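# Residue-level structural notes
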Amino acid sequence: MPSAAFAISITSLVPELILAAVGCVVLLMTQAKSGSVRRAVPGITLSGIVLAILILRFGHLLGISVGADSINGGLVFDGLAGFVRVSALILGVLIVLVSWVQPADEERGEFFSMMLFSLAGLMLVGPSADLIVLFLALELVSIPTYIMVALSRPGPRPLESATKYFYLGAMAAAITAFGFSYLYGVTGGAALDAGAVDRIVDALRDPDSPAHNLATIGLLLSVVGLLFKIAAVPLHFYIADVYQGAASPVAGLLGFVPKLAGIVAIFKIISLTGWATTEGALFWILWIVAVLSMTIGNVLALRQTNIKRMLAYSGIAHSGYMLVGILAGPIVAGERAESIMGDGTAAVLYYVVIYGIANLGAFALLGLLRVRGRPCETLRDVAGLLRYYPSIALLMALSMFTLMGMPPTPGFWGKLSIFGSALAAAEFAPALYHDWIIALVIIAVLNSALAAAYYLRVIAAVLLFESDEPAEPTPREAPMIGALLCGFLLLVFAFYPKPLMRLGRDASDRLLVPPPTVQVESTSAIVAEATLLDESPPF
Amino acid sequence: MLVAYLLVGAALFALGLIGFVTRRNLIIMFLCTELMFQGIVVNLVAFGRYPLDGNPTLDGQVFSLFLLAVAAAEAALGLALVVLLYRYKGTLDASVWKLLKDV
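Residues numbered from 1 in each chain as written. Chains lettered and ligands numbered in written order. Predicted model: local features only at pLDDT ≥ 70, side-chain atom pairs only at ≥ 80, totals over all residues. Heavy atoms only, no water.

Okay, the layout of surface pockets next. Remark: the empty space left among the atoms is shown by a probe the size of a water molecule rolled over them. Quantified by volume, the second largest pocket comes out at close to 630 Å³. Taken together, 22 residues form the lining of the second largest pocket, with Lys 164 and Leu 168 of chain A together with Arg 24, Met 29 and Ala 94 of chain B sitting closest to its centre. Counting only elements with at least two residues in the lining of the second largest pocket, the list comes to helix H8 (156-187) and helix H11 (238-245) of chain A together with helix H1 (2-22) and helix H2 (26-49) of chain B. Top contributing element to the lining of the second largest pocket by residue count: H8 of chain A, with six residues. The residue inventory of the lining of the second largest pocket, partitioned by class, reads 14 nonpolar, three polar and five charged. (1 Å grid on protein atoms, 1.4 Å probe; cavity = no way out; pocket = protein on both sides within 12 Å on 5 of 7 lines; lining within 4 Å. Points joined across faces, edges and corners; volume = space filled by probe spheres on them. Helix = DSSP H or I, 4+ residues; strand = E, 2+ residues; numbered from the N terminus. Nonpolar A, V, L, I, M, F, W, Y, C, P; charged D, E, K, R; others polar.)

Turning next to unusual backbone geometry. Excluding glycine, residues mostly have negative phi values, and the peptide bonds linking residues are mostly trans. Residue and element names in this part refer to chain A. Residue Pro 408 is reached from Pro 407 by a cis peptide bond, and omega for that bond is 5 degrees. Residues other than glycine seldom take positive phi values, yet Ala 231 does so here, at roughly 55 degrees. Looking at the secondary structure, you find Ala 231 in the loop between helix H10 (211-230) and H11. Ala 231 sits in the buried class, given a relative accessible area of 2%. At Trp 275, a residue that is not glycine, the phi angle is positive and equals roughly 55 degrees. Relative to the elements of secondary structure, Trp 275 occurs in the loop between helix H13 (257-271) and helix H14 (280-302). (Buried < 20%, exposed > 50% of the residue type's maximum accessible area, 1.4 Å probe, protein only.)

This brings us to empty space enclosed by the protein. Residues and elements named next belong to chain A. In the structure shown here, the tally under the stated rule is four cavities of 30 Å³ or more. By volume, the second largest cavity is sized at about 60 Å³. Elements supplying a minimum of two residues to the lining of the second largest cavity: H10, H11 and H13. With three residues, the top contributor of residues to the lining of the second largest cavity is H11. Of the residues assigned to the lining of the second largest cavity, the class counts are eight nonpolar, no polar and two charged.

Right, let's talk about the confidence of the model for chain B for a bit. Residues and elements named next belong to chain B. Averaged over chain B, the pLDDT score is 91; the fraction of residues at 70 or greater is 99%. Per-element confidence in chain B is highest for H1, whose mean pLDDT is 95, and lowest for helix H3 (residues 59-89), whose mean pLDDT is 93. Taken over the whole predicted complex, pTM reads 0.92, whereas the ipTM for its chain interfaces reads 0.96. (pLDDT = per-residue confidence, 0-100.)

It is worth spelling out the nonpolar core at this point. Of all hydrophobic cores here, the largest spans 223 residues; its most connected members are Leu 311 and Ile 326 of chain A. Among the domains, domain 1 (1-232) and domain 2 (275-507) of chain A are the pair contributing at least three residues each to this core. (Core = buried A, V, L, I, M, F, W, Y, C linked by side-chain atoms within 4.5 Å. Domains from an automatic or database assignment.)

All names here are of chain A. Structurally, the position occupied by Gly 361 is in helix H16 (residues 344-368). You can call Gly 361 buried: its relative accessible area is 3%. For Gly 361 and Lys 268, which are 93 residues apart along the polypeptide, the C-alpha to C-alpha distance reads 29 Å. Those residues in contact with Gly 361, other than ones at most four positions away along the chain, are Ser 399 and Cys 486. (Contact = heavy atoms within 4.5 Å.)

Structure below.
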């Protein structure tokens, strides 16, 4: 019944379709002659995202089943999809508020439409259960972000950073796609379902089979290509230049949208192995990349006086912490406890969102401040804020404390649960790997302490130092509301982390249990059966 | 048969990667990423036609069509960026762009 399946897919995708449609409308509004139409662009973008949230939450009252738990057209609407869609839309509201006044008036339409397309892509990464859909969703996340970096402010700097970002991104996409092609070769189909998991696991177990090398290379290349999205070590070169060249709100967006997309895509690829991250080649790759990302990111960040570059390098370190959680894997403790301790992937999902909010908040404040008319970038620029603008100073300190992982900020809960689940995973790992996982956790904790040094420098500059020429906030309401909302959410998650953690638990539930293979009824199986009868290829 | 096609695909991909890393001309670097994508397309079509086991599926061919569409979108964006960069400096050499770096 392809028509019924098609109808289900379309209604499930209503939130994404709203974003894409509003994106097209906003794109056309750029061409309007009157300035008042162009000035309405951010408002329309925001209402589109809010409408998508309402449909996602209350759509079932209208008969729109946005969360139909079925596999249709390569999409599965499980807990992970729900987590990604909700967090993408909530962060989307913050991002729109923060970048409300960002690019010049004439380019605002293009800018906000690209933002909407990127968010729609992120929302599609969550439910994708097919190599083709996953790849297209990842590209839908990336390509608009290259354009956003280029458009975000005038001058040659954003162009240079967009070009670096684009070229490395195209290469990383090609590496990912090469890995995907080998995975497709091993599984014999593009679907990421139980049948595909069986084939990959069989191929990895049997070193003599011809599929063994293909599966290993495919997995490693897919994961390595995706490291670009989360800016982990072999593909991290671009990040400081991109953050520095782009306008601050765009840098804030880059800390969340591509990162969540990359993390979720890595989840989906690693689930193909039955989450065999505590042994074999995958373990070593993740271990080495995690250690190098944490250490190199933190050491490079220590040397910076430019806050944008410092936050960029610290983003590499945060990706390292996330990889520790990925290495731990989902629900290692076995028992379904209420907390996310012992559930590495849930902890990572929680951490990505918290990091995204704190990072966005910090960049929002940087974008808001001006020193002699130019944007605020260095430590000297933010010095002495407490005396003149205490609310901004305290928000900045809150963001920095969260990124640092100071208890009781949500950053602390995130780090605690990631490292705790890695320790829990070590208990279940083979003896040789046990010690290496413990070593990884120790390195991660030492790195967190190292990171405190440069975050404290910013906090000290903001709260303690004096400046005879303080930065001034631009008198804009929307970015300030966005920054306040970021701070508010951080406080909420500091004292009520449960709801977000429970969402993360639900999301990681299905990672060990792949969606069942349903192609028995679908057309490709019928084609395959027909070919069995007459022994000729179907084309 | 499959092995020969895979070798061609891997060779195209490797040439593209080497070219991307060694060349400094923006257009050539972009063409190298295209070469990498073509290597992937060869892989996908080969796996679709000669699967390791089981019957041929069409997923690989479909994937390669979408991949070409993505490559075309990237070409549109990449060439637009190259034109803008050329207007600033009048050269296609990537190494003249050093506005952003560690101090």
